[in-house]
Amino acid sequence: MSRPAVVELIDVTRSFPGPPEVQALTSINLRVEKQDYLSIVGPSGSGKSTMLNILGLLDRPSVGEYYLDGALTGLAGEAERAALRGGKIGFVFQAFHLMPHRSVCDNVLLATIYSKVPRADRE
Ligand SMILES: Nc1ncnc2c1ncn2[C@@H]1O[C@H](COP(=O)(O)OP(=O)(O)O)[C@@H](O)[C@H]1O
Ligand SMILES: [Mg+2]
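One structure accompanies this document, and this report is about it. Nothing here was measured: the structure is a model prediction, and the numbers come from that model.

1. A word on the packing of aromatic side chains
Here is step 1: Within the structure shown, the criterion is met by one aromatic pair.
Here is step 2: Between Phe91 and Phe93 the ring centres are 5.3 Å apart and the planes differ by 5°, which places this aromatic pair in the stacked class.
Here is step 3: Among the residues examined, Phe93 registers a relative accessible area of 42% and is labelled partly exposed.

Listed below in structure tokens is the structure:
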């Protein structure tokens, strides 16, 4: 069997209840293979952030399926989603989201906290 896509969205819809209800994504299909490199572009309000939040496991589709590395993420609980996020996904936010009360080193290490590698090794 061929390797599953890294990312696969199948008929993903995300609506926000409102009122008025907003359908930010309507029946989106996306397949991203290993070594693909893509940009998501579109005017403000077209649903880019909504889609990235779903791809980053920060949000769930209202309807449809999201497979990450062949795993159906809709079946995963929050702990499993956090583990997938920690192991497979990297975020670079537009705002830095640094913790001002922590050192530079602590801020950098934050991304590796869920790796289960001992702190001394991560340092
Ligand atoms: N939490 C939310 N509640 C209600 N509507 C939202 C929410 N998030 C986004 N939207 C709406 O969904 C649409 C897509 O927004 P968004 O994904 O932020 O677009 P983009 O990132 O492309 O600018 C917009 O109409 C926005 O107002
Ligand atoms: Mg946005």
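2. Regarding unusual backbone geometry
Here is step 1: Between Gly18 and Pro19 the backbone carries a cis peptide bond, its omega angle lying at 10°.
Here is step 2: Mapped onto the secondary structure, Pro19 falls in the loop between strand E1 (7-16) and strand E2 (22-32).
Here is step 3: Omega for the peptide link from Pro19 to Pro20 comes to -5°, which places this bond in the cis form.
Here is step 4: With respect to the helices, strands and loops of the structure, Pro20 is situated in the loop between E1 and E2.
Here is step 5: Phi is positive for Leu57, which is not a glycine, with a value near 60°.
Here is step 6: The residue Leu57 is located in the loop between helix H1 (48-55) and strand E3 (63-68) in this model.

Calculation rules
- Residues numbered from 1 in each chain as written.
- Chains lettered and ligands numbered in written order.
- Predicted model: local features only at pLDDT ≥ 70, side-chain atom pairs only at ≥ 80, totals over all residues.
- Heavy atoms only, no water.
- Phe/Tyr/Trp six-rings, centres within 6.5 Å; stacked < 30°, edge-to-face > 60°.
- Buried < 20%, exposed > 50% of the residue type's maximum accessible area, 1.4 Å probe, protein only.
- Helix = DSSP H or I, 4+ residues; strand = E, 2+ residues; numbered from the N terminus.

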